[in-house]
Amino acid sequence: MRSPRVEGELAAAVAAVPHWYHTLDLGSGVVTPGFFDLRPVVDDLPWPDVRGKRCLDVATFDGFYAFELERRGAAEVVAIDLDDAVDLDWLPRERPEELLRGDERVGDGFRVAHRALSSQVERLTCNVYDLDPGVHGMFDVVVCGALLQHLRDPFGALLAIHGVCSGQLLSVEHVDTRSSLLHRRTPFARIVGHDRTWWLPNVRGHVQLLHQSGFDTEPGTIVGIPWGPAGEPAPEGLRGRLHWLVQHLGWRLVAGSPHVPFSAVTAQAVR
């Protein structure tokens, strides 16, 4: 039980973070205003057994998956991400000028949540491409969520993950609605080139990415992940409302819900 003073300090620390990606319950009624809220669907993901194992969360951002690994009984959890948004794989035509000054930091939310949850997760500053078994060791379980679409080299990232994974990978990725409906049996990816997204695979394309990168995949799960408090903006105008209706119809057809469709796949690293 936190004192009113500590609760107030925590609420102020949460409010001071300008961008929350994950919706996290930090206790005492303090919930972060994340872009996505995985809490309602976290148990629907095909989790491998993490109890007593060494685990890695790739591109942890605010740490939802890292803290979940810890909660599920992992013996050790390492989380990696970058510290400065200027180092992300920005699309050349979308890179905000303010990032060139290094004004936007990554990881402030993680640090606030880490303290609030009294977590033992170790956060390392590391690009996914730079994962190295000689430096970081091997991991029994690796989790990578909502990252590949934001990378210019998703295969390079998956090969680096494969290099440090001695067991299983849980990969959770946003999938393209149209091609998931029209090309159910064909690996497919759509070039996007906006909204910080280089490309989007369909459901089959996500599985094929993992297979081609050295993983044997199990049957995947489609989950609809809800928006968090800072998520989906209200549609404006007739055109915006029509787009919203079409989009949500597609989401219902793919994910069975009005939420954003993600493909969740557990895969075994093959040597």
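Residues numbered from 1 in each chain as written. Predicted model: local features only at pLDDT ≥ 70, side-chain atom pairs only at ≥ 80, totals over all residues. Heavy atoms only, no water.

**Examining the pattern of salt bridges**
Our working definition: We define a salt bridge as a contact between a side-chain nitrogen of Lys or Arg and a carboxyl oxygen of Asp or Glu at a distance within 4 Å. In this description a helix means any DSSP run of H or I spanning at least four residues, a strand means any run of E spanning at least two, and both kinds are numbered starting from the N terminus. Note on classification: 1.4 Å probe, protein chains only; a residue is buried when its accessible area is under 20% of the maximum for its type, exposed when over 50%, partly exposed between these limits.
One pass over the structure, following the stated rule, counts ten salt bridges. Here R71 ties to E68 by a salt bridge, and the two come within 2.6 Å at their closest N and O atoms. With R71 and E68 both in helix 2 (residues 64-71), this residue pair falls three residues apart, about one helical turn. For E68, a relative accessible area of 7% gives the class buried. A salt bridge links R111 to D108, with the shortest nitrogen-to-oxygen separation between them at 3.1 Å. With R111 and D108 both in helix 3 (residues 108-116) and three residues apart, this pair spans about one turn of that helix. For R111, a relative accessible area of 30% gives the class partly exposed. In the salt-bridge network here, residues are joined through shared partners; they are D43, E68, R71 and R72.

**Overview of the packing of aromatic side chains**
Note the cut-off: Side-chain rings of Phe, Tyr and Trp, where Trp is taken by its six-membered ring, are said to pair if the distance between their centres is within 6.5 Å; with planes under 30 degrees apart they count as stacked, over 60 as edge-to-face, and otherwise as tilted. Two thresholds decide whether a charge sits over a ring: the Lys NZ or Arg CZ must be within 6 Å of the ring centre and within 35 degrees of the ring normal.
The full count for this structure, using the stated rule, is eleven aromatic pairs. One aromatic cluster is present, built from ring pairs that chain together Y21, F35, F36, F61, W227, W251 and F262. When the ring centre of F110 is taken as origin, the NZ or CZ atom of R123, which lies over that ring, is 5.9 Å away.

**Examining the pairing of strand 7 (residues 197-201)**
Our working rule: Pairs of strands are assigned from DSSP output, requiring at least two bridges between the strands.
The buried fraction of strand 7 amounts to four of the five residues, a majority that puts the element mostly inside the structure. For strand 6 (residues 189-194) and strand 7, the ladder comprises four bridges, and the chain directions are antiparallel. Bridge pairing links H194 to T197 in strand 7. In this antiparallel pair of consecutive strands, strand 6 and strand 7, the connection spans two residues, and D195 shows a positive phi of 55 degrees.

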